[in-house]
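Residue-level listing of the chains:
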Amino acid sequence: MLDYLMTLDPWLQALIATLFTWTMTGLGAAVVFLTKGVSENFLNITLGFAGGIMVAASFWSLLSPAIDASADNPIGEWFPALIGFLGGALFIYFFDKIIPHRHRGEHTAEGLTVASSRRSTLLVTSLTLHNIPEGLSIGILFGAAGLSQDPVMIASALTLAVGIGLQNIPEGTAVSMPLRAEGASKFRAFFWGWMSAIVEPMAALVGVLLVASMEPVLPYALAAGAGAMIFVVVEEVIPSTQKNGHSDAAVFAFLIGFSVMMVLDVALG
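Not measured: the values here are computed from a predicted model.

K.L.:
Even after reading the chapter, I still don't get the overall build of the protein, so can you show me in this structure?
P.N.:
When helices and strands are tallied, the protein shows 10 helices and zero strands. Of the regular secondary structure in the protein, the N- to C-terminal order runs α-α-α-α-α-α-α-α-α-α. Split into buried and exposed, the 269 residues of the protein put 49% on the buried side. Here the contacts in the protein between residues at least 6 apart in sequence split such that 80% fall between residues at least 24 apart.

K.L.:
Can you walk me through the packing of aromatic side chains in this structure?
P.N.:
For any pair of aromatic rings, the description consists of the separation of the ring centres together with the inter-plane angle of the planes. Following the criterion strictly, the structure yields nine aromatic pairs and no others. Judged by centre distance (4.8 Å) and plane angle (25°), the rings of Trp-22 and Trp-194 are stacked. Of the two residues, Trp-22 sits in helix α2 (residues 10–29) while Trp-194 sits in helix α7 (residues 186–195), which places them 172 residues apart along the sequence. The partly exposed category is assigned to Trp-194, whose relative accessible area is 25%. A centroid spacing of 5.2 Å and a plane angle of 80° characterise the contact between Phe-191 and Trp-192, whose relative ring orientation is edge-to-face.

K.L.:
What exactly am I supposed to notice about helix α3 (residues 40–68) here?
P.N.:
Given 3.6 residues per helical turn, the α-helix brings residues three or four places apart onto the same face. Over its 29 residues, α3 runs 41 Å from end to end, which matches the ideal 42 Å to within 8%, given 1.5 Å per residue. Considering bend angle alone, the principal kink of α3 is centred on Ala-57 and spans about 30°.

K.L.:
I keep staring at the packing of α2 against helix α6 (residues 151–181) and nothing clicks. Help me out?
P.N.:
The axes of two packed helices give the description: the angle between them and the distance between them. Between α2 and α6, whose axes approach to 6 Å, the crossing angle comes to 25°. In terms of axis orientation, α2 runs roughly parallel to α6. Every pair of crossing elements has a handedness; the one defined by α2 and α6 is right-handed. Along the contact surface, α2 presents Gln-13, Ala-17, Phe-20, Thr-21, Trp-22, Met-24, Thr-25, Leu-27, Gly-28 and Ala-29, while α6 presents Ile-154, Ala-161, Val-162, Ile-164, Gly-165, Asn-168, Ile-169, Gly-172, Thr-173 and Ser-176. Grouping the constituent residues of the contact of α2 with α6 by class yields 11 nonpolar, nine polar and no charged.

K.L.:
Can you help me understand the nonpolar core in this one?
P.N.:
In globular proteins that are soluble, nonpolar side chains generally tend to be buried together. Leu-62, Ile-138, Leu-141, Phe-142, Leu-160, Leu-222 and Met-229 are the most contacted members of the largest nonpolar core, which totals 40 residues. The greatest single-element share of this core, amounting to 11 residues, is contributed by helix α9 (residues 218–240). Contact partners of Ile-138, with chain neighbours within four places excluded, come to Ala-14, Ala-17, Thr-18, Thr-21, Leu-160, Ala-161 and Ile-164. Counting residues in hydrophobic clusters, the runner-up holds eight residues, among them Val-32, Met-177, Leu-179 and Ala-189.

K.L.:
What is the right way to look at the packing of α2 against helix α8 (residues 199–213) in this model?
P.N.:
Where α2 contacts α8, the axes come no closer than 8 Å and their chain directions differ by 155°. By the angle between their axes, α2 is roughly antiparallel relative to α8. As α2 runs across α8, the sense of the crossing is right-handed. Contacts from Pro-10, Trp-11, Ala-14, Leu-15, Thr-18, Leu-19, Thr-21 and Trp-22 in α2 reach Glu-200, Pro-201, Ala-204, Leu-205 and Val-208 in α8. Of the residues assigned to the contact of α2 with α8, the class counts are 10 nonpolar, two polar and one charged.

K.L.:
So what exactly am I meant to see when it comes to the side chain of Ser-196 here?
P.N.:
Structurally, the position occupied by Ser-196 is in the loop between α7 and α8. A relative accessible area of 1% means that Ser-196 is categorised as buried.

K.L.:
What is the right way to look at the environment of Arg-180 in this model?
P.N.:
Along the chain, Arg-180 falls in helix α6. Remark: the alpha-carbon pair of Arg-180 and Phe-190, spanning 10 residues in sequence, is separated by 8.5 Å. Those residues in contact with Arg-180, other than ones at most four positions away along the chain, are Val-32, Ser-185, Lys-186 and Ala-189. Within the local environment of Arg-180, its side chain forms a polar contact with the backbone oxygen of Ala-184, the two atoms lying 3.0 Å apart.

K.L.:
Would you mind showing me how to read α9 here?
P.N.:
Here α9 spans 32 Å end to end across 23 residues, near enough to the 33 Å set by a 1.5 Å rise per residue. Val-233 marks where α9 bends most, by close to 40°.

Scoring rules and cut-offs
- Residue indices follow the written sequence of each chain, beginning from 1 at its first position.
- pLDDT decides what is reported in this predicted model: residues at 70 or higher carry local features, side-chain atom pairs at 80 or more are listed and counted, and totals for whole chains, interfaces and linings draw on all residues regardless.
- Hydrogens and waters are ignored; side-chain quantities use all the structure's heavy atoms.
- Numbering of helices and strands starts at the N terminus; helices are DSSP runs of H or I of at least 4 residues and strands are runs of E of at least 2.
- Partly exposed describes any residue whose relative accessible area lies between the buried limit of under 20% and the exposed limit of over 50%, with all areas from a 1.4 Å probe on protein chains only and scaled to the type maximum.
- Any two residues whose heavy atoms approach within 4.5 Å at even a single point are treated as in contact.
- Only Phe, Tyr and Trp rings take part, Trp by its six-membered ring, and two of them pair if their centres are within 6.5 Å. Stacked means planes under 30 degrees apart, edge-to-face means over 60, and tilted covers everything else.
- Under the convention used throughout, the expected extent of a helix is 1.5 Å for every residue step, that is, one less than its residue count.
- The reported bend at a residue is simply the angle between two axes, fitted to the 7 residues ending at it and to the 7 residues beginning with it.
- The angle between two axes is taken between their N-to-C directions and runs from 0 to 180 degrees, where each axis is a line fitted to C-alpha atoms and a helix contributes only its stretch in contact.
- Small angles under 35 degrees read as roughly parallel and large ones over 145 as roughly antiparallel, with 65 to 115 read as roughly perpendicular and the rest as oblique.
- Handedness of a crossing is defined here by the sense of rotation of the near helix relative to the far one, left-handed for an anticlockwise turn of less than a right angle and right-handed for a clockwise turn.
- We call Asp, Glu, Lys and Arg charged. Ala, Val, Leu, Ile, Met, Phe, Trp, Tyr, Cys and Pro are nonpolar, and the rest, Gly among them, are polar.
- By convention a nonpolar core is built from buried Ala, Val, Leu, Ile, Met, Phe, Trp, Tyr and Cys residues, the set being connected through side-chain atoms within 4.5 Å.
- Between N or O atoms, a polar contact is any pair within 3.5 Å; within protein, one atom must be a potential hydrogen donor and the other a potential acceptor, and residues adjacent in sequence are included only when both atoms are from side chains.

Printed below as a string of structure tokens:
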């Protein structure tokens, strides 16, 4: 499969990968058809697992390659990683402040014009915002692999897609089940839970184009993907698992998710 993927253009590789991650979100959202409710403890555990995957992917799949690609930087190989990392976090922070959304477990909303937005809309928007850095990161890594034609980097990009696909399952559930609880039909709850990740293929194509058109920004772009994902984990994922009890279970799930992604990336990438 790796040989076949290497024959494709980077944008097509990224599109296939993010269609997979989007499908995994739909798989998680489909839980709404199987049960009347999911416990808060279960959601805390699964989201903790997702957060661990995102943090591990941020280093092994994005920051580490960014540092490796900066060996000839006149200031130091740490410089592009630092600027990109902070820039990616600020990019998501900007969207976080202007786009109306509501985090899981919170009754108050954030962003502009929140008063006119329904709670269900705010919840879907929150997870949609969450998925932007994931799609960007996949696109950037496939774009980098296309420039280098390095099978190892393509394997790393695939590993990142698999990791994000795994953590998208609980995210789909985290959208569809609250929507169902608020009175939405099963199909409507599933549909919007799945659609919350439709931005991933779009963001991935942007990431590929960014890297392909401006090769010198590659280390910055890789690190930006990491910064964006870490911002989401610290600002949204971890806090949402610590508000309704069972925090220890969520912490251990985070550690397991981190370990799984670390092993995948080191073993396959």
